[in-house]
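# Descriptive structure summary
If you want the building blocks of each chain, they are given just below.
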Amino acid sequence: MVRLLGRLLGDVIREQHGQRLFDQIEEIRSRSVGEHREGEPDLSLAALLRTLPLEETLSLIRAFAIFSQLANIADDYVARRDGLSVDSTMERRIREKQGLDSLEVRRLLTEAVMVPVITAHPTEVRRKSILDREKAIAELLDRLHGAGPLATDAMAIEAQIKREIRVLWHTRMLRSVRINVADEID
């Protein structure tokens, strides 16, 4: 899934800004990966990054940020899909015994681990439009998994994913003004 989403992001960058910018981003990406794997700094990469014009630097940052978002969506999708294929303890017990009596349910619930999740702040930093795109891409990945690999439906779904990535590419990632709780409720 990461490769698919990365390929579609590359297509969007080429369409929106041309092959030259795509090649530059791809060169920086591959050299960064090489630098990480080798454990040695690539001094010419550092020099290249220092000389990039502001507009190209912003495009590079946007490309890396969106790729990270897409990789997270793909990871969540795989984890969710894998999680759906594994029965919970209660599902296994129901399947094995064709039901549970109230004492067994009570025992399972007392043994269950429940952990509250507390957020650090009451408002979402990411914009709703970004969250909507992420949700749409995740839903399309679910639909794509149900389509056959050679199905025309799969091609149509990929085109929809690409449209969502294109919208993501053109959406400001951060708000210019921090919202408050009342704004979030609205």
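Notes on the structure follow. (Residues numbered from 1 in each chain as written. Predicted model: local features only at pLDDT ≥ 70, side-chain atom pairs only at ≥ 80, totals over all residues. Heavy atoms only, no water.)

### As for the environment of Glu158
Along the chain, Glu158 turns up in helix α8 (residues 152-170). In this view, Glu158 contacts Leu4, Arg7, Leu8 and Leu144; residues no more than four positions away in its chain are not counted. There is a polar contact of 2.9 Å between the side chain of Glu158 and the side chain of Arg7. (Helix = DSSP H or I, 4+ residues; strand = E, 2+ residues; numbered from the N terminus. Contact = heavy atoms within 4.5 Å. Polar contact = N/O pair within 3.5 Å; in protein donor to acceptor, adjacent residues only side chain to side chain.)

### Regarding the environment of Ile13
When you line up the elements, Ile13 lands in helix α1 (residues 2-17). Using a relative accessible area of 3% as the deciding quantity, one classes Ile13 as buried. Ile13 sits 10 residues away from Asp23 along the chain, and the two C-alpha atoms are 9.8 Å apart. In this structure Ile13 touches Gly18, Phe22, Ile25, Ala63 and Trp169, once residues within four positions along its chain are discounted. (Buried < 20%, exposed > 50% of the residue type's maximum accessible area, 1.4 Å probe, protein only.)

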